[in-house]
Amino acid sequence: MEIIGEKINTTRKEVEKAVRERDAVFIQDLARRQAEGGATYLDVNSGLALYPEEEAEDFAWLVPVIQKVVDLPLSIDSGRSRPIEAALKLHSGKAMINSVNGEPAKMEEIFPLVKKYGCRVIALTSSRDGGIPATSGERLKIAEIIATEAQKYRVPLEDIYFDPLVMALSTQHGNGTLFLETLRGIKNNLGEAKTVSGLSNISFGLPKRRLLNQAFLLLALGSGMDAAILDPTDKALMAMIRAGETLMGKDPFCAHYIGAFREGRLDA
Ligand code: THG
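Overview of the structure. Please read all numbers here as calculations on a predicted model, not as lab measurements.

Regarding the overall build of the chain
On a plain count of helices and strands, the chain comes out with ten helices and eight strands. Relative to its length of 268 residues, the chain is compact, with a C-alpha radius of gyration of 18 Å against a globular reference of 18 Å. By principal-axis analysis of the C-alpha atoms, the chain measures approximately 45 × 45 × 35 Å. Relative to its 268 residues, the chain shows a buried fraction of 51%. Long-range pairs, those at least 24 residues apart, make up 68% of the contacts in the chain with a sequence separation of at least 6. Here the chain has roughly 12900 Å² of accessible surface; of this, 54% comes from carbon and sulfur atoms.

So, the nonpolar core
By size, the foremost hydrophobic cluster in this structure holds 46 residues, and its most contacted members are I8, I27, I66, I97, F111 and F162. Residue contacts for I8: discarding those within four places in its chain leaves V15, I27, L30, A31, Q34, D43, V44, N45, L62 and I66.

Some details on the site of the ligand
Near the ligand the following residues occur: E6, N9, R12, D77, N98, I122, L124, D163, G198, S200 and I229. Here a nitrogen atom of the ligand and a side-chain polar atom of D77 are 3.1 Å apart. Contacts to the ligand include N98, whose side-chain N or O atom sits 3.0 Å from a nitrogen atom. A total of 650 Å² of accessible area belongs to the ligand in isolation, and the protein chains cover 62% of it. Sorting the residues of the shell around the ligand by element identifies β1 (2-9) and β5 (120-124) as the ones contributing at least two each. Each residue belonging to the shell around the ligand can be placed in one class, and the counts come to three nonpolar, four polar and four charged.

Thoughts on the sheet that holds strand β7 (residues 194-198)
Strands sit in the order β1-β2-β3-β4-β5-β6-β7-β8 around a closed barrel of eight strands; the barrel is parallel. Averaged over all pairs of adjacent strands, the angle between their axes in this sheet comes to 25 degrees, without regard to strand direction. Pairing of strand β6 (residues 160-163) with β7, which is carried by two bridges, proceeds in the parallel orientation. Across the sheet, Y161 pairs through a bridge with K194, a residue of β7.

Some thoughts on the pattern of salt bridges
What the rule picks out here adds up to 17 salt bridges. In this structure, D226 and K187 form a salt bridge, with 2.8 Å as the shortest nitrogen-oxygen distance. Within this pair, whereas D226 is found in the loop between α8 (209-222) and β8 (227-230), its partner K187 is found in helix α7 (residues 175-189), the two being separated by 39 residues in sequence. Here E245 makes a salt bridge to R242, at a shortest N to O gap of 3.5 Å. Taken as a pair, E245 and R242 lie in helix α9 (residues 235-247) at a separation of three residues, close to a single helical turn. Judged by its relative accessible area of 12%, E245 is buried. In this structure, a network of salt bridges that share partners links the residues E2, K94, R120 and D159.

Quick look at α7
For an α-helix, the turn length of 3.6 residues means that residues three or four places apart are oriented alike. Taking 1.5 Å per residue, 15 residues should reach 21 Å; α7 reaches 21 Å between its end C-alpha atoms and fits that length. For α7, the full list of buried residues reads N175, G176, L178, F179, L180, T182, L183, G185 and I186. Check the buried side of α7 and you find it contacts α6 (136-152), β6, β7 and α8. Positive backbone phi, at 45 degrees, marks G191, one or two positions downstream of α7.

So, the packing of α8 against α9
Relative orientation of the contacting elements α8 and α9 amounts to 20 degrees, with a least axis distance of 10 Å. When the axis of α8 is compared with that of α9, the two are roughly parallel. Of the two elements, α8 crosses α9, and the hand of that crossing is right-handed. Residue-level contacts link R210, Q214, L217, L218 and L221 of α8 to A236, L237, M240, I241, G244 and E245 of α9. Considering only residue class, the contact of α8 with α9 consists of seven nonpolar, two polar and two charged.

A closer look at the side chain of S203
Assignment of secondary structure puts S203 in the loop between β7 and α8. Of the polar contacts made by the side chain of S203, one reaches the backbone oxygen of S200; its length is 3.2 Å. If we skip the residues at most four places from it in the chain, S203 touches R209, L212 and N213.

Conventions adopted
- Residues numbered from 1 in each chain as written.
- Predicted model: local features only at pLDDT ≥ 70, side-chain atom pairs only at ≥ 80, totals over all residues.
- Heavy atoms only, no water.
- Helix = DSSP H or I, 4+ residues; strand = E, 2+ residues; numbered from the N terminus.
- Rg over C-alpha atoms; globule rule 2.2 N^0.38 Å.
- Buried < 20%, exposed > 50% of the residue type's maximum accessible area, 1.4 Å probe, protein only.
- Contact = heavy atoms within 4.5 Å.
- Areas by Shrake-Rupley, 256 points an atom, 1.4 Å probe, with all protein chains shown as cover.
- Core = buried A, V, L, I, M, F, W, Y, C linked by side-chain atoms within 4.5 Å.
- Near = heavy atom within 4 Å.
- Polar contact = N/O pair within 3.5 Å; in protein donor to acceptor, adjacent residues only side chain to side chain.
- Nonpolar A, V, L, I, M, F, W, Y, C, P; charged D, E, K, R; others polar.
- Pairing = 2+ DSSP bridges.
- Axes fitted to C-alpha atoms, helices over the stretch in contact; angles between N-to-C directions.
- Salt bridge = Lys/Arg side-chain N within 4 Å of Asp/Glu carboxyl O.
- Expected span 1.5 Å × (residues − 1).
- Parallel < 35°, antiparallel > 145°, perpendicular 65-115°, else oblique.
- Left-handed = near helix turned anticlockwise from the far one by under 90°.

Rendered as structure tokens:
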């Protein structure tokens with residue numbers, strides 16, 4: 001599965017400071033450590049920037065600084081199209097835009113960029129103002145609307161990673177099953193479409209969050225999830241992914257599993 005490293009995000013205080021001070025060494029260290037942990041994408045978020053111009057400048061600094069030290073594509077995590085394009089202009093490889101949703105104005109802004117830069121895109125199953133429906137059926141309907149709209153821009157379904165939007169178990173005990181139902185619905189109804197999720201929301205407000213995150217990851221992997229936004233420097237979590245992929249038949253001759261063992265990557 002695609003492992004999207006989450007650590008370069010200005011909601012984290014040290015990252016906010018490093019971006020503000022243009023501390024390339026700090027950012028490059030985060031990039032390297034995530035790559036070494038097994039990331040296949042790095043999420044980059046500078047959403048604390050107040051103005052779009054500021055966010056665009058942050059991306060214009062971050063993208064080359066990161067890609068100078070790791071040979072990985074980036075997931076450009078932003079709600080604004082101008083900063084996203086500023087990042088894409090400087091990006092090498094197949095970037096991912098994080099994200100579009102079912103809002104018509106948003107799709108009109110983002111899909112032309114996906115087409116122009118030939119990238120992948122994360123599509124949240126939410127509509128206007130981030131409204132997230134309470135049932136998997138309604139979320140699936142939004143995913144279908146997004147898939148139909150993407151066709152108009154000739155964006156291939158296989159480049160769209162639908163995010164069913166996981167919410168805290170502590171607020172609704174059915175939020176885990178709601179997520180898994182939506183995930184399976186997307187995989188069953190939308191052909192080549194991919195799926196993705198962040199992990200940490202599921203466990204919000206509960207003890208032993210890492211335990212829940214690991215169990216959740218495994219259930220999602222078992223339901224066909226294609227990508228996850230997580231901390232690739234978390235060795236226990238990464239070991240769980242390697243085991244899960246092998247158990248799901250995605251590892252011919254268990255070669256990756258055995259290789260990971262030899263590299264000492266299965267020890268938490
Ligand atoms: N879906 C999509 N995009 C997303 C999310 C998602 N982007 C943001 C978020 N969720 C994923 N990224 C992060 C980044 C950092 C942290 C969590 C998720 C994080 N977690 C710990 C904390 O908050 O306590 C660790 C703090 C730290 O290390 O400083 O920071 O779901 N499409």
